[in-house]
Amino acid sequence: QDAGNHTLLSEFILSGLSSRPELQHLLFFTVCFVYSMTLIGNLLICMATAHPTLHTPMYFFLRVLSVLDISTASVVVPKMLVSTLSEDRSISYLGCVTQLYCVVFLASTEWYLLAAMAYDRYVAVCRPLRYPAIMSTRACLSMVLLSCCSGQVVSVVQTAWVFTLPFCGPRSINYFFCDIPPLVLLSCADTSRYERQLISATVLVIFTPFCLILLSYTCIISSILRISSAESRHKTFSTCSSHLTVVTLYCASGTLIYLQPKSSDSQEAKKILALIYTTVIPTLNPLIYSLRNKEVKEVLVRGMAVLMKK
């Protein structure tokens, strides 16, 4: 087949998490359980942070983060669950385009949002007297909107670039959803230029926010060390450490997936990292934030108590 045949392509075949038939039911129930925990945990965070006592910028950003986590998992997991138990693992060309666009948009937006959350913590710790003025409702909404717009630009560019590549030969994607690295492997053209562009995009989307986050937390830690009260130092650092934990998980998995897009030798490892990125981390986020946050835990406990009385 020549490169021109890619215009006739109507669908791709997803290989899934594993090709071993004896593992399919175990994988289905495991992923289904994790996905359920993602939905329940993040919905609880959304409800808890909507409480009047938690109407602060930090909890507003946390609520947006939970919405993004639910969306990311929902774009990937339902199709994966259907494919796990079905002999038909095909995904239409348009479906693949849509899935890639959504995954890149949500992941990029989340990174910029994490940077906004770090800035919020910086202002709260280092500029407490000016915090209400700097982190106004308008400023918070603007940061979220800017994060979404930035994610939109990145997603449109990356999706358009990937699907201008010629796909010929096997249509099987050694992955459980449509993502950039496995799609690049299917191309029969020289993708070196695109790989360089993807590395540049990875630096822009991951490392630029990561550097801003590190800068924010360098200032934060410096301020924390100057706090005389040990209890106050512990409380401030505990709030910030939750955010740092999430950032570390995202950075480690994201960079390992996208810095070598055409490395077929590590494709199985990339599947595991992608599963962590799209399924496991969205489940961990509510646990990290709620279990380490006294205010969120109190609201959730009060809410459960009210439900039990009814």
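Each value, and the rule that gives it
- Position numbers for residues count from 1 along each chain, tracking the sequence in the order it is written.
- Only residues with pLDDT of at least 70 are given local features in this predicted model, and only at 80 or more are side-chain atom pairs given and counted; all residues enter the totals for whole chains, interfaces and linings.
- In computing side-chain values, all of the structure's heavy atoms are included and hydrogens and water are not.
- Working definition: helices are DSSP H or I runs of at least four residues, strands are E runs of at least two. Numbering for both runs from the N terminus.
- Helix span is expected to be 1.5 Å times the residue number reduced by one.
- Think of it this way: the bend at a residue is just the angle between two axes, each fitted to seven residues, one set ending at that residue and the other starting at it.
- The rule is simple: take the accessible area with a 1.4 Å probe, protein chains only, and divide by the maximum for that residue type; under 20% is buried, over 50% is exposed, in between is partly exposed.
- Strands qualify as paired when DSSP identifies two bridges or more between them.
- In this description, the term disulfide denotes a pair of cysteine sulfurs within 2.5 Å.
- In the cavity and pocket records, a cavity denotes points on a 1 Å grid over the protein atoms alone where a 1.4 Å probe fits but cannot get out, a pocket denotes an open set with protein on both sides within 12 Å along at least 5 of 7 lines, and lining residues are residues with an atom within 4 Å of a point.
- Grid points are joined across faces, edges and corners, and a volume is the space filled by probe spheres set on the points.
- Lys, Arg, Asp and Glu make up the charged group, whereas Ala, Val, Leu, Ile, Met, Phe, Trp, Tyr, Cys and Pro make up the nonpolar group; the residues left over, Gly among them, are polar.
- Confidence of the prediction at every residue is given by pLDDT, a number between 0 and 100.
- It only takes one pair of heavy atoms within 4.5 Å for two residues to be counted as in contact.
- Nonpolar side chains (Val, Leu, Ile, Met, Phe, Trp, Tyr) are joined into patches within 5 Å and like charges within 9 Å, using only residues with over 30% relative accessible area and no salt bridge.
- Computed with the Shrake-Rupley method and a 1.4 Å probe, the accessible areas treat only the protein chains shown as cover for residues.
- By convention in these notes, a salt bridge is any Lys or Arg side-chain nitrogen within 4 Å of a carboxyl oxygen on Asp or Glu.

When you look at helix H2 (residues 57–85) in this model, what are you seeing that I'm missing?
The α-helix winds at 3.6 residues per turn, so residues separated by three or four positions along the chain end up facing the same way. Between its first and last C-alpha, H2 extends 43 Å over 29 residues, near the 42 Å set by a 1.5 Å rise per residue. Maximal helix bending in H2 amounts to about 30°, located at serine 74; proline proline 78 follows within four positions.

What should I look at first to understand the pairing of strand E1 (residues 11–14) in this one?
Two faces make up the sheet, and in a regular strand the side chains alternate between them. Side-chain alternation along E1 places Phe12 and Leu14 on a buried face and Glu11 and Ile13 on a face that remains uncovered. Examined bridge by bridge, E1 and strand E2 (residues 90–92) share 3 bridges and lie antiparallel to one another. The residue of E2 that forms the bridge with isoleucine 13 is serine 90. Across 2 bridges, E1 lies against strand E3 (residues 172–173) in parallel orientation. Bridge pairing in E3 places isoleucine 13 opposite serine 172.

How should I be thinking about the state of the cysteines in this particular structure?
Covalently bonding the sulfur atom of one cysteine to the sulfur atom of another cysteine gives a disulfide. By the definition in use, this model includes 1 disulfide. What pairs with cysteine 96 in a disulfide is cysteine 178, and their sulfur atoms sit 2.0 Å apart. In this structure the cystine formed by cysteine 96 and cysteine 178 twists about its S-S bond by roughly -120°; its chirality is therefore left-handed. Taken together, the residues cysteine 96 in helix H3 (residues 93–126) and cysteine 178 in the loop between E3 and helix H6 (180–186) connect sequence positions 82 residues apart. Assessed through its relative accessible area of 0%, cysteine 96 is described here as buried. Free of any disulfide, cysteine 211 has its nearest neighbouring cysteine sulfur in cysteine 251, separated by 9.0 Å. Taking relative accessible area as the criterion, cysteine 211 reaches 48% and is therefore assigned partly exposed. You can call cysteine 251 buried: its relative accessible area is 10%.

Teacher, can you tell me more about empty space enclosed by the protein here?
Where empty space is left in the structure can be found by rolling a water-sized probe over the atoms. A complete count under the given rule lists 5 cavities of 30 Å³ or more for this structure. Those elements that place two or more of their residues in the lining of the largest cavity are H3, helix H5 (137–162) and helix H7 (192–225). Looking at the lining of the largest cavity, the element that brings in the most residues is H7, giving 5 residues. Looking at the lining of the largest cavity, its residues break down into 11 nonpolar, 3 polar and 1 charged.

Even after reading the chapter, I still don't get the confidence of the model for the chain, so can you show me in this structure?
Considering every residue of the chain, the mean pLDDT works out to 83; 89% of them sit at 70 or more. Across the chain, element-level confidence peaks in H5 with a mean pLDDT of 94 and bottoms out in helix H10 (residues 294–309) with 72. Counted against residues more than four places away or in other chains, residues 1–7, with its pLDDT under 50, gives 10 contacts.

Sorry if this is basic, but what is going on with a nonpolar patch on the surface here?
A cluster of nonpolar side chains, namely Phe33, Met37, Ile40, Leu43, Leu44 and Met47, defines an oily patch on the protein surface of about 570 Å² accessible area. If you trace the backbone, isoleucine 40 turns up in helix H1 (residues 24–49). Isoleucine 40 gets classed as partly exposed once you look at its relative accessible area, which sits at 46%.

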